[in-house]
Amino acid sequence: MKVLIVSDTHGRNSSFLDLLEECEKMDMVIHCGDVEGSEYLISESVGCKSVIVQGNNDYFSDLPREMIVKLGKYKALVTHGHAYYVNMGYEHLVREARKRKVDMVIYGHTHRPAVHELIANQQPAFRVVLGAWHTEGSMVKVTADDVEFLSPKDQGYTRAELPEGVFDQLPG
């Protein structure tokens, strides 16, 4: 299964749409909010299942605040993060992850991309934070054994120049 996970496009969609044309077909695209009215454009452009949640800048949106999705062996809570006060810390979000018995929490909002390992329900789990798409272009690659943050900027690529096969070996 090939999944592209992004967040915080803030209605600036051109480089995201360029990436969709450049990379191989995805099985799912997850957007962690702040689409700012672009949810229809994004869901129609991805050519696969899309999961889009509401961000703090998605005023008057009927998008869900959060969703639980299955990514290979992982059960993931997808949220924007603002409702859990992630700018102040991640304790509320980790508490929610434990309560819902998920293996992974994926969110944006802070624009501070990283993958953090933690323990939830006596199991290894991940807290995945995405940066703003229009500035960093951060993405996440989920494999059978790992969750890896990809920053095209750090790898010397622009968002539209990702190498072939960048999303290979994802769980199926």
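Rules of the game
Residues numbered from 1 in each chain as written. Predicted model: local features only at pLDDT ≥ 70, side-chain atom pairs only at ≥ 80, totals over all residues. Heavy atoms only, no water. Helix = DSSP H or I, 4+ residues; strand = E, 2+ residues; numbered from the N terminus. Contact = heavy atoms within 4.5 Å. Areas by Shrake-Rupley, 256 points an atom, 1.4 Å probe, with all protein chains shown as cover. Core = buried A, V, L, I, M, F, W, Y, C linked by side-chain atoms within 4.5 Å. Buried < 20%, exposed > 50% of the residue type's maximum accessible area, 1.4 Å probe, protein only. pLDDT = per-residue confidence, 0-100. Arc of directions from axis to C-beta. Lys, Arg positive; Asp, Glu negative; His and termini not counted. Salt bridge = Lys/Arg side-chain N within 4 Å of Asp/Glu carboxyl O. Polar contact = N/O pair within 3.5 Å; in protein donor to acceptor, adjacent residues only side chain to side chain.

Moving on, we get to the overall build of the chain. Within the chain one finds three helices and ten strands. Taken from the N to the C terminus, the helices and strands of the chain come in the order β-α-β-α-β-β-β-α-β-β-β-β-β. Nonlocal contacts in the chain, meaning residues at least 24 apart in sequence, comprise 53% of its contacts between residues at least 6 apart. As presented, the chain carries roughly 8,300 Å² of accessible surface, and 47% of it is formed by carbon and sulfur atoms.

Of all hydrophobic cores here, the largest spans 15 residues; its most connected members are I5, I30, V69, L71, V78, M104 and I106. Ranked by residue count, the leading element in this core is strand β5 (residues 74-79), at three residues. With sequence-adjacent residues up to four places away left out, I30 is seen in contact with V3, L4, I5, V6, V51, V69, L71 and V78. Formed by 14 residues, the second largest nonpolar core is a distinct cluster that contains L20, C23, V29 and I42.

Moving on: the confidence of the model for the chain. Chain-level statistics for the chain give a pLDDT mean of 78 and a share of 71% at 70 or above. Predicted confidence for residues 155-172 stays below pLDDT 50, and this span has 45 contacts to residues more than four positions away or in other chains.

What follows is about helix α3 (residues 91-100). Because the α-helix completes a turn every 3.6 residues, residues three or four places apart line up on one side. The set of residues buried in α3 consists of L93, V94, E96 and A97. The buried residues of α3 occupy an angular sector of 160 degrees when projected down its axis, which confines them to one face. Opposite the buried face of α3, at more than 90 degrees from it, the exposed residues are R95 and K99.

A few words now on unusual backbone geometry. The phi dihedral of E36 falls on the positive side, at around 50 degrees, and the residue is not glycine. Structurally, E36 is set in the loop between β2 (28-31) and α2 (39-45). Using a relative accessible area of 37% as the deciding quantity, one classes E36 as partly exposed.

Now for the side chain of D8. As for its placement among the helices and strands, D8 is situated in the loop between β1 (3-6) and α1 (14-22). Comment: no salt bridge for buried D8; closest opposite-charge side chain is R12, at 9.8 Å. Engagement of the side chain of D8 in a polar contact is seen with the side chain of S7, the distance being 2.5 Å. A distance of 3.1 Å separates a polar atom in the side chain of D8 from the backbone nitrogen of H109.

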